[in-house]
Every structure is written in structure tokens, then in C-alpha cells.
Amino acid sequence: MTTVAILVAAGSGTRLGSDMPKALIPLVGRPLLAWSILALDASEHIDGIVVVAPPGHERPTEMALGEIAEPLAVTIGGSSRSRSVAAGLEEVPDGADRVVVHDAARPLLTSDHISMVLAGIGDADGAIIAAPVADTIKRTDEDLNIVETADRSAHWLAQTPQAFRTESLVRAVEIALEGDYIDSTTDCASMVEAMGGQMRVVPSALPNQKITIPADLDVVAPLLEAREARA
Ligand code: C5P
């Protein structure tokens, strides 16, 4: 079984207020994306890594990876996350049975996440790491009047990594491109769901914060410092 990881790192970082692409901002002594590369490289299940770089920043991305791992390819991202995934899939070698897609914006990735999500595929098209919902969920109308309290036990916070049979994700991306809805999808699983594929949730309580706003860096940094201290 051959498994290739696609690390999507082509986001702009606008919400972080940085003029540098988010994946390249320094965090506890490394560019943000380097933390995910370390975990992917440490996983016994990953045979190669494709990195999707911010347009115009391929060289700094390659340099950020230099000392950690030699990727199969560094390719240029698209105008939306799912278009960046499509670009990454183009670089996945023939013969890769499974792909694992991960957001560079989640630097707390561990090899446990990767093992868990791959084991979760079973006979489905794919599986995702997801966290249970701790808060009560309210649905509102456009004026913020509450119209429903949802059953939180049936809802999950979708994270990455997300793992797929390669042929399922390739087909799902083709259909999303043909159907012109690719830019409205915010994760890969939703494209497989849209084509009628079967996706499964792997419940996870492992820390996996996504870096979106500056305050997220303050939450994640001490966890990475502790990890460095243990290494
Ligand atoms: O924007 P958001 O934080 O939801 O992005 C999730 C992940 O997708 C990030 O790792 C980001 O770098 C990546 N992304 C991408 N190409 C885009 C937009 C986002 O690779 N055009």
C-alpha cells in the first residue's frame, strides 16, 4: 500500500494580519508548515509528501523544508483551498493507493493523527479526523434570531488530516470542477460526500488547533515548545 501526503500551504494569511504567507510565518523557531512536515516525515505510513506552496513563494517554501525532508514535489497553489488540493493531486505519482491531505495551518499534527485517520478508511472512500462538539449549537436566521438548537452529539468539527482512496478523491475533485462548485467547498471530504461517496469520522481528542487569527499562535506556541523540550 502506497500513501502520499498532500500538505496544502498556499493560503494567504490575511486573517493573521501578516504580509507573509501564513505557512511561512515563524512559530517556535520554525516556519509554520515545517511542523506538519516533521510529523508527516515521522509517520511510518507516509511514503512521500507533495507540498502546495503559496504562489510566488515556491523557493522560500523549498528552503523551509530543506533540512527536514525532501518532498516529492513543491507545486503552486490555486485560488481556493480545494483548487490547491487539485494542484497537489496532479503531483501524486501513479500507483499511490491512498492520499492524506493536511492543512499546513494545523501545526500540532502527530503521527498518531495520521495512523488513526488511515485506519478509519476501512471500506469507505475516506475518513477524517474530527473533534466532538463541546458547546451547544444554535442555528440562526439572518437577523441572528435562534431558529433551532441542534443535537450536538450528531455534529463534529471537521479537521485535517483527511485520508482517501486516491481514485475517490481524484474523481470527487473532477466532479467538483465540472460542476463548478469546487470553490465553495472548505474541505476535501465534502467533495467526496457531494459525489455520493462514503466518508467516515474518526473521533479525536488530540490537540489540533488551526492557526487562523493571531491569538491562535499564543494557544499553539506553548504546546510546540513542550514538544520541543521532550524531543
Ligand atoms: O484559509 P484556511 O485557513 O481555511 O486554509 C486551510 C488550509 O488550506 C491552509 O493550510 C492554507 O494554506 C490552505 N490553502 C491553500 N490554498 C488556498 C487557500 C488555503 O493551500 N488558496
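Located above this text is the structure these notes cover.
Notes on the structure follow. This is a predicted model, so every value here is computed, not measured. (Residues numbered from 1 in each chain as written. Predicted model: local features only at pLDDT ≥ 70, side-chain atom pairs only at ≥ 80, totals over all residues. Heavy atoms only, no water.)

### A short note on the site of the ligand
The local shell around the ligand holds 15 residues, among which Val8, Ala10, Gly11, Ser84 and Lys210 are the closest. The backbone of Gly11 places a nitrogen or oxygen atom 2.9 Å from an oxygen atom of the ligand. In the model, an oxygen atom of the ligand is placed 2.9 Å from a nitrogen or oxygen of the Lys210 side chain. Relative to its unbound accessible surface of 460 Å², the ligand loses 85% to contact with the protein. Among the residues forming the shell around the ligand, the class breakdown is 5 nonpolar, 5 polar and 5 charged. (Near = heavy atom within 4 Å. Polar contact = N/O pair within 3.5 Å; in protein donor to acceptor, adjacent residues only side chain to side chain. Areas by Shrake-Rupley, 256 points an atom, 1.4 Å probe, with all protein chains shown as cover. Nonpolar A, V, L, I, M, F, W, Y, C, P; charged D, E, K, R; others polar.)

### Some points on the pairing of strand β6 (residues 98-103)
When you tally the buried positions in β6, you get 6 out of 6 residues, the bulk of the element. Neither face of β6 is left uncovered, since the one carrying Arg98, Val100 and His102 and the one carrying Val99, Val101 and Asp103 both have all their residues buried. Examined bridge by bridge, strand β1 (residues 3-8) and β6 share 6 bridges and lie parallel to one another. Its bridge partner lying in β6, Leu7 is registered against His102. (Buried < 20%, exposed > 50% of the residue type's maximum accessible area, 1.4 Å probe, protein only. Helix = DSSP H or I, 4+ residues; strand = E, 2+ residues; numbered from the N terminus. Pairing = 2+ DSSP bridges.)

### What about the packing of helix α1 (residues 32-42) against helix α2 (residues 58-65)?
α2 packs onto α1 with a crossing angle of 50 degrees between their chain directions and a minimal axis gap of 9 Å. One finds that α1 runs oblique with respect to α2. Along this stretch, α1 crosses α2, giving a crossing that reads as right-handed. Contacts from Leu33, Ala34 and Ile37 of α1 reach α2 at Thr61, Ala64 and Leu65. Residues of the contact of α1 with α2, tallied by class, amount to 5 nonpolar, 1 polar and no charged. (Axes fitted to C-alpha atoms, helices over the stretch in contact; angles between N-to-C directions. Parallel < 35°, antiparallel > 145°, perpendicular 65-115°, else oblique. Left-handed = near helix turned anticlockwise from the far one by under 90°. Contact = heavy atoms within 4.5 Å.)

### As for the pattern of salt bridges
A complete count under the given rule lists 6 salt bridges for this structure. Close ionic contact of Arg59 with Glu62 constitutes a salt bridge, the shortest N to O distance being 3.2 Å. Linking Arg59 with Glu62, this pair stays in helix α2, spanning 3 residues, or about one helical turn. In this structure, the salt-bridge partner of Arg83 is Asp183, at a minimum N-O distance of 2.8 Å. With a gap of 100 residues between them, Arg83 in helix α3 (residues 81-90) and Asp183 in the loop between α5 (166-178) and α6 (188-194) connect regions that are remote in the sequence. Residue Arg83 is classed as partly exposed on the basis of its relative accessible area of 29%. (Salt bridge = Lys/Arg side-chain N within 4 Å of Asp/Glu carboxyl O.)

### Here's the deal with the sheet that holds strand β10 (residues 156-165)
Within the open sheet, the 7 strands sit side by side as β5-β4-β1-β6-β10-β7-β11. Their pairing is mixed. The sheet is open, and its two borders are formed by β5 (73-76) and β11 (199-203), each paired with just one other strand. Here the average twist between neighbouring strands, direction ignored, is 25 degrees. Judged from the 4 bridges that link them, β6 and β10 form a sheet pairing that is antiparallel. Its bridge partner lying in β10, Val101 is registered against Gln162. Its contacts with the sheet place α3 against β1, β4 (48-53), β5, β6 and β10, and it is angled at close to 145 degrees to β1. The strands touched by helix α4 (residues 111-121) are β1, β6, β7 (126-132), β10 and β11; relative to β10, the strand with the most contacts, the crossing angle is about 70 degrees.

### Topic: the side chain of Ser36
With respect to the element layout, Ser36 can be found in helix α1. Of note is the side chain of Ser36, whose polar atom sits 3.3 Å from the backbone oxygen of Arg106. When residues no more than four places from it in sequence are discounted, the contact partners of Ser36 are Leu7, His102, Asp103, Ala104, Arg106, Pro107 and Leu109.

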